[in-house]
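Here are the chains, one letter per residue:
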Amino acid sequence: MCGIVGYYGPQNPKDIIVNGLKCLEYRGYDSAGVAIFNKGEFKRVRAEGKLSVLQGKLESEEFDGHIGIGHTRWATHGAPVERNAHPHTVAGVSIVHNGIIENYMQLREDLGEGTKFESETDSELVAHYIAQELKSEPSLLSAVLKVLPKLHGAYSILVVSKDHPDEMVAFKNGPPLIVGVAAGAIIIASDIQAIMPHTKKAVYLDDLEVVQVKGESFKIFNSKGVPVDKAVTTVDWTTDQAQKDGYPHFMLKEIYEQPRAVAKAIAPHINTSTHEVALKDVGLPDAYWATVERVFIVACGTSFYAGSVGKYLIEELARVPVEIDVASEFRYRNPVVPKNSLAIIISQSGETADTLAALRQLKQMGVTCVSICNVKNSTIDRETNGHLYMNSGVEIGVASTKAFTSTLAILNLVALQMAKAKKVLTSENEHLYAKALLAAPAQMETVLACDKFFADAANTLKEYRGFLYMGRGVSYPIALEGALKMKELAYMHAEGYAAGEMKHGPLALIDKRMAVVMLAPSDSLYEKTLSNLEEAKARGGEIISVGTLGNERLKSLSKHYLTLPQANWTINPILEAIPLQLLAYHVASALGNDVDQPRNLAKSVTVE
Ligand code: F6R
């Protein structure tokens, strides 16, 4: 993970780098640091903890140079303390690194016993190797090209050297690195967000490419030093969404943005006059969908749970078998993927290392891969054959919310598209499902009203020993997602279960101190879910139920009853997600936790 940024240009690098790091802090917030040219050398300032600590330290610092690099860290090797903070500097060479150097033990040994290390990181040795090469190499570029073949693993790295103050070199294998081309300046960063305040013109580096910045110009080479011609892309995102707009946290703002996000996700694909569904601009021929005989969905975390809902939707509507895997399992389990399989790769960031590796494996097998990403031009988006977009706008909160519900909406459309292509969906039903989707944003607005309930109840709810989330059918993955939200935000024990599984073990957990969150919307499984709820209540569980408005029996069995509007079964997961997000948000806030940046986590997981 980690975020890196480098600047070469006429402005004050301090402000540009710090502002860039602000945009990248979601990638890690264990420590931060900069190295900026000043009086003939790169002056390094580093701080343990969040970026604000570094900002405090930098207030009194002045720099007279026009080149510098910065880093915000998610610790992999070495504790999150200042001595392990980047940049790492060796003999005037400073580097920042995002990723993991897998052969670092060997490389450290090869450097010999005489080499002194300041940190326990895998990154510092890169500075050692480059400094060593620079003793005989004429440029930073040629030194980097010598070191590159020695490095195994995932990395994106920026390098500067006091002996080459007019040169900055960046290279990558795995994690993203983007070169922003501004008027008279170059800014390189892990995420386009850090670049967009300065320019919309960008070049996305591919693996094993090296960029050399000299003055205001740059050149790109392959790992052998052969120049590579790359297109400069114009980015069509805007940055204006990345403000809190009066909300106390980005997460709460993003929860509230969901109706609009879902509306934007579905807009390109539904004709609002005819209520016909047709996935637009996917990049695959329309005839393709009819040929799909099996679907593999691969993702991590919240995106995996969205994919799990997709399995129910696609199997029920299109009658095509679906396998769903977490990417870190898929990539190592030697999967059997029959001919005519479609892989759906889900990733908000489009950079998750395991998901990307699974995608590459699938492509090597010749499987057609369609991505559902939020970040356009992310690595996963660029490498898939077909592309669908969450269209959620920038998601800053580390816990994913609006990207989740937008993905659920897109998966509805994928199921409908496939069902149409397979001729198992009548046009009457197509219109019904399309109307249900179009109605979802307004229904989501009404569900947001439960914000007040959870805000008021949070002080009581935070006293529970743990939370058990239960649901059946499409509500089961939502129970898993609800539990994940509670774990990551409130740091409390929470588990999601298929409601029918309770009596096979988890029922033993239930007592007065265990909150049972029951997802019981009016659908074909409602009666069965209700029986499971009775079983939990009989054991003394405190029931918080989420059900459809007007279900008096559910209400009578529950300590708290949160209502959803009457909706199609395909839409219920989208509606149910909202109270569970708000529950976790308010419990975590009541506990005083950092909701936008939960401990030990980062938003973009670019290491495996
Ligand atoms: C949890 C959360 C994570 C991500 C996971 C995958 O709230 O956000 O579980 O869903 O790290 O990330 P993407 O979707 O970017 O591949």
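Scroll up for the structure.
Residues numbered from 1 in each chain as written. Predicted model: local features only at pLDDT ≥ 70, side-chain atom pairs only at ≥ 80, totals over all residues. Heavy atoms only, no water.

1. Quick look at the pairing of strand S12 (residues 209–214)
At step 1: Burial of S12 is extensive: five of the six residues sit out of reach of the surface.
At step 2: With six bridges joining them, strand S8 (residues 167–173) and S12 adopt antiparallel strand pairing. The partner of alanine 170 across the bridge, within S12, is valine 211.
At step 3: Direction of pairing for S12 relative to strand S13 (residues 217–221): antiparallel, over a ladder of five bridges. By the bridge assignment for S13, valine 213 is matched with phenylalanine 218. (Buried < 20%, exposed > 50% of the residue type's maximum accessible area, 1.4 Å probe, protein only. Helix = DSSP H or I, 4+ residues; strand = E, 2+ residues; numbered from the N terminus. Pairing = 2+ DSSP bridges.)

2. Quick look at unusual backbone geometry
At step 1: Between histidine 86 and the following residue, proline 87, the backbone shows a cis peptide bond with an omega angle of 0°.
At step 2: Looking at where proline 87 falls in the secondary structure, it is placed in the loop between strand S4 (67–73) and strand S5 (88–90).
At step 3: Unusually for a residue other than glycine, lysine 39 sits at a positive phi of about 50°.
At step 4: In this structure, lysine 39 sits in the loop between strand S2 (31–38) and strand S3 (41–48).
At step 5: Taking relative accessible area as the criterion, lysine 39 reaches 67% and is therefore assigned exposed.
At step 6: You will see that asparagine 377, though not glycine, has its phi angle at about 70°, which is positive.
At step 7: Along the chain, the position of asparagine 377 falls in the loop between strand S18 (368–373) and helix H11 (379–383).
At step 8: Residue class for asparagine 377 comes out partly exposed when judged on its relative accessible area of 26%.

3. Things to note about the site of the ligand
At step 1: For the ligand, the set of nearby residues contains 14 residues, the closest of which are Ser303, Ser347, Ser349, Thr352 and Glu488.
At step 2: Take serine 400: an N or O atom from its main chain is 2.9 Å from an oxygen atom of the ligand.
At step 3: Relative to its free-state accessible area of 410 Å², the ligand is covered by the protein chains to the extent of 90%.
At step 4: At the level of elements, helix H8 (301–318) and helix H15 (475–490) are the ones that each hand at least two residues to the shell around the ligand.
At step 5: For the shell around the ligand, the leading source of residues is H8, giving three residues.
At step 6: A breakdown of the residues in the shell around the ligand according to their chemical character gives four nonpolar, eight polar and two charged.
At step 7: Viewed by domain, the shell around the ligand spans two of them, domain 2 (243–444) and domain 3 (449–608), each represented by three or more residues. (Near = heavy atom within 4 Å. Polar contact = N/O pair within 3.5 Å; in protein donor to acceptor, adjacent residues only side chain to side chain. Areas by Shrake-Rupley, 256 points an atom, 1.4 Å probe, with all protein chains shown as cover. Nonpolar A, V, L, I, M, F, W, Y, C, P; charged D, E, K, R; others polar. Domains from an automatic or database assignment.)

Any functional reading would require information beyond the geometric quantities listed.
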